[in-house]
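A look at the structure
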Amino acid sequence: MRRSQLITTYGVGSLIAIDNESFIVAGLESWDASQAPEIHERRLAAVIDGIDFFRLPPAPEPDDAHDGVRVRRFPDFYSCPGCRALQPFRGFNSPPKKAMCGECDEEIVPSRFVLACEDGHIDDFPYRKWVHRGKGEFSGSCGGTLSLHSGGASASLRSVVVECSCGARSSMEGAFRRKVLRELGIQCSGRSPWLTADKRTACEQSPRTMQRGSSSVWHPIVNSALSIPPFSEGVHALVERKKLIDAPDEVIRWFCETNGPMLRQANATLEDVLRLVHELHAERERADDAEEAPRVSQGSLRVQEYRSLRAGSRERAGAAWQTFVCEPPEGDLGPIHELGIGDSMLVKRLREVRALRAFTRGPIPDDDDAELRHAPLHSSTDINWLPAIEVSGEGVFLRLAVDRLLDWEKRTAVRERVDTIRDNHLRVLRERATRDPKKSDGRVESPVTPRLVLLHTLAHVLINEWSLDGGYPAAALRERLYSGQDMAGILLYTATSDSAGSLGGVVAQGEPARLAEAVRSALLRASWCSNDPLCMESKGSGVESVNLAACHACVLLPETSCENNNCFLDRALLVGTPTEPDLAYLPPMT
């Protein structure tokens, strides 16, 4: 698999199906760090407690004897389609490096069902308890052997039957109901099979049955940051990339004396390097001495990026490590001003670092919920890094016209429509708070605002338009939203590790005349959906009903392109409705 997949798809704690076997990716303590190059992004590391730097997932050469990323067999239970035996893998006496039944030489199949909780624990489905339900108190002393039978013409749960040699028999129908599991006294085992010790901890969460291959079994929690000046170039990049932060002054002087060309490329002197290192040491000491050190938030990173995107950074010949080039377009901005866009910037070069911070299982969490539900990537106290990837790309930054936006946000129809999304989201958050003992106070907040929904929907319709006009697949484009009291912008960019990353096509879309044409075309497409009038008149669509006029036929994107999991969308705020044209932020297209 690719390195990027170990961050977004097959990270620590996820399940991987290989042929007729299933494995879980092991924790970071089992990874070979010597094969994992370091990545430095100080702004992103400051957001995550206990993290100093990042590493690329190890990718040793095929002939290299060192380990890369280790996996462990999970689930433990397998079944044989020949003799129907259902038992742990070791009970089949498989030949070395094969998953076969020792009795009938058939390839065995990993269990289709697992138990998982929202705190990340995962375990085998308790087949023995399940098959003996209703047979009185089950003490585990039956001693019978289990078998799995799939009857009927379909693979429905009713046709999947577990039998015990003692005569007990039960189908899997109802196994996905939490109430049934609670009635059987089945609680979360607190098992973490991806960690080295495979430890078990006390857990108060109610487990739920999941399909082994379901996408809900593993959700990554990924933090990302753009490399922006001054942190990404010049003396900052020199100190970080050459690991001078913790070096003594004597070593720094020796390095600067022997690497004069490198200092000139960074436009730095020995005094600049020493001054920056001392400042970084002072910041670290202030944070260590403070009783409650202020934590850098993901929102503060967005504010810094927003300011850098607005200010721009022109390309300089001979500059070392210049990973951020952002310039205003040439030509008349009048066409985009007419559409309510204040200005645009051509981001000709950017670098993004994406780090796997943790993961969850079950429903996709919101930002606050993720903090409570995160599952650890390791059990060691000595690991001060996280797996991450760095990708390069290009993009276009758009900022909405402030005066027009403020006037639009004051409209009663706009506030009432967005309140519907906000109320639906708050209802979901309150239900989670009631179920979760960690949220006993029940206080929840929703980030939904008219500005956020407008920016998010505009980003989606433009990505869909550019995927048709620019030749990029929609999955190769990404959004980055800047929504806040003093922010109203979107960055649409391509940052991938393959050849679709930086071909120049996205930057070309940011030229004023071409951008205005793309916006008009996107709005014309968004004004009508093949699911209308049901789509436009919806009072709640998508997961947990946190969208309104948004469906797969008009607005939704591949999940890799959207940073909000296709939530908080409503194209009516862009184009209005037949009965409420005042909802539209942008003028009607004909």
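Above this text sits the structure in question.
In this text the structure is predicted, and so the values were computed from the model without any measurement. (Residues numbered from 1 in each chain as written. Predicted model: local features only at pLDDT ≥ 70, side-chain atom pairs only at ≥ 80, totals over all residues. Heavy atoms only, no water.)

Some points on the packing of helix α14 (residues 450–469) against helix α16 (residues 512–526)
- Where α14 meets α16, the axes come as close as 9 Å, and the angle between the chain directions of the two elements is 110 degrees. Classified by the interaxial angle, the pair formed by α14 and α16 is roughly perpendicular. Contacts between α14 and α16 involve Val461, Leu462, Glu465, Trp466, Leu468 and Asp469 from the former and Arg514, Leu515, Ala518, Val519, Ser521, Ala522, Arg525 and Ala526 from the latter.
- Tallied by class, residues from the contact of α14 with α16 come to 9 nonpolar, 1 polar and 4 charged. (Axes fitted to C-alpha atoms, helices over the stretch in contact; angles between N-to-C directions. Helix = DSSP H or I, 4+ residues; strand = E, 2+ residues; numbered from the N terminus. Parallel < 35°, antiparallel > 145°, perpendicular 65-115°, else oblique. Contact = heavy atoms within 4.5 Å. Nonpolar A, V, L, I, M, F, W, Y, C, P; charged D, E, K, R; others polar.)

With respect to the pattern of salt bridges
- Using the criterion set out here, one finds 26 salt bridges in the structure.
- Linking Arg191 and Asp123 is a salt bridge whose minimum nitrogen-to-oxygen distance equals 3.0 Å. Placement of Arg191 in the loop between α4 (178–183) and β14 (208–211) and of Asp123 in strand β10 (residues 122–124) is noted, with a sequence separation of 68 residues between them.
- With a relative accessible area of 7%, Arg191 lands in the buried category.
- Notably, a salt bridge pairs Arg200 with Asp123, separated by 3.3 Å at the nearest N-O pair. Pair noted here: Arg200 is in the loop between α4 and β14 and Asp123 is in strand β10, with a separation of 77 residues, a long-range link. (Salt bridge = Lys/Arg side-chain N within 4 Å of Asp/Glu carboxyl O. Buried < 20%, exposed > 50% of the residue type's maximum accessible area, 1.4 Å probe, protein only.)

Observations regarding the packing of helix α12 (residues 402–409) against α14
- Packing of α12 against α14 brings their axes to within 10 Å, and their N-to-C directions diverge by 120 degrees. Here α12 is positioned oblique relative to α14, judged by the angle of their axes. You can see that α12 and α14 cross each other, and the crossing is right-handed. Together, Leu405, Leu406, Trp408 and Glu409 of α12 and Pro450, Arg451 and Leu454 of α14 make up the contact between the two elements.
- Of the residues assigned to the contact of α12 with α14, the class counts are 5 nonpolar, no polar and 2 charged. (Left-handed = near helix turned anticlockwise from the far one by under 90°.)

Quick word on the sheet that holds strand β5 (residues 71–73)
- Strand order in this open sheet of 3 strands is β1-β2-β5, and the pairing throughout is antiparallel. Sheet topology places β1 (15–18) and β5 at the edges, where each strand pairs with a single neighbour. Here the strands of the sheet are splayed against their neighbours by 40 degrees on average, with no regard to which way each runs.
- With 4 bridges connecting them, β1 and strand β2 (residues 21–25) associate as antiparallel partners. Its bridge partner lying in β2, Ile16 is registered against Phe23. (Pairing = 2+ DSSP bridges.)

What to know about the side chain of Arg212
- For Arg212, the position within the fold is in the loop between β14 and β15 (219–226).
- Comment: no salt bridge for buried Arg212; closest opposite-charge side chain is Asp124, at 8.9 Å.
- A polar contact of 2.8 Å, which involves the side chain of Arg212, links it to the backbone oxygen of Ser111. (Lys, Arg positive; Asp, Glu negative; His and termini not counted. Polar contact = N/O pair within 3.5 Å; in protein donor to acceptor, adjacent residues only side chain to side chain.)

Digging into the nonpolar core
- Formed by 58 residues in total, the largest nonpolar core has its most connected members in Leu458, Leu462, Trp466, Ile490, Val519 and Phe568.
- It is α14 that contributes the most residues to this core, 10 residues altogether.
- If you look at the next biggest cluster of nonpolar residues, it comprises 40 residues, including Ile16, Leu195, Leu301 and Ala355. (Core = buried A, V, L, I, M, F, W, Y, C linked by side-chain atoms within 4.5 Å.)

Description of α14
- An ideal rise of 1.5 Å per residue puts 28 Å on 20 residues; α14 measures up with 28 Å between its terminal C-alpha atoms.
- Of all 20 residues in α14, 17 are buried, a share of seventy percent or more.
- Count one or two residues on from α14 and you reach Gly471, which has phi positive near 90 degrees. (Expected span 1.5 Å × (residues − 1).)

A short note on the packing of aromatic side chains
- Overall, the coordinates contain 13 aromatic pairs when judged by the stated rule.
- Their ring planes at 65 degrees and their centres at 5.2 Å tell us that Tyr78 and Phe89 sit as a pair that is edge-to-face. Of the two residues, Tyr78 is situated in strand β6 (residues 77–79) and Phe89 in the loop between β7 (85–88) and β8 (109–110); the sequence distance between them amounts to 11 residues. Like Tyr78, the residue Phe89 is buried in the burial classification.
- On the numbers, 5.8 Å between centres and 75 degrees between planes, the contact of Tyr306 with Phe397 is edge-to-face. On the criterion of sequence distance, the pair formed by Tyr306 in helix α9 (residues 298–311) and Phe397 in strand β18 (residues 385–400) is long-range, its members being 91 residues apart. Of the two residues, Tyr306 and Phe397, both sit in the buried class.
- Counting every residue linked through ring pairs, the aromatic cluster contains Phe77, Phe113, Phe125, Tyr127, Trp130 and Phe176.
- Geometry around Phe89 places Arg73 over its ring, the cationic atom sitting 3.7 Å from the centre.
- Positioned above the aromatic ring of Tyr585, the side-chain terminus of Arg404 is 5.4 Å from the ring centre. (Phe/Tyr/Trp six-rings, centres within 6.5 Å; stacked < 30°, edge-to-face > 60°. Lys NZ or Arg CZ within 6 Å of the ring centre and 35° of its normal.)

Some words on α9
- Look at α9: 20 Å from first C-alpha to last across 14 residues, which is about the 20 Å you get at 1.5 Å a residue.
- Within the sequence span of α9, burial applies to Leu301, Arg302, Glu305, Tyr306, Ser308 and Leu309. Across the axial projection of α9, the buried residues extend over an arc of 170 degrees, all falling on one side. Facing away from the buried side of α9, by more than 90 degrees, are the exposed residues Arg307 and Ala311. (Arc of directions from axis to C-beta.)

Observations concerning unusual backbone geometry
- Of the consecutive residues Phe74 and Pro75, the connecting peptide bond is found in the cis state with omega at 0 degrees.
- Tracing the backbone shows Pro75 in the loop between β5 and β6.
- A cis geometry characterises the amide bond from Pro229 onward to Pro230, with omega recorded as 5 degrees.
- When you line up the elements, Pro230 lands in the loop between β15 and α5 (234–241).
- Of note, Asp19 is a non-glycine position whose phi angle comes to about 55 degrees, a positive value.
- The topology assignment puts Asp19 in the loop between β1 and β2.
- One non-glycine residue, Asp105, adopts positive backbone phi at about 60 degrees.

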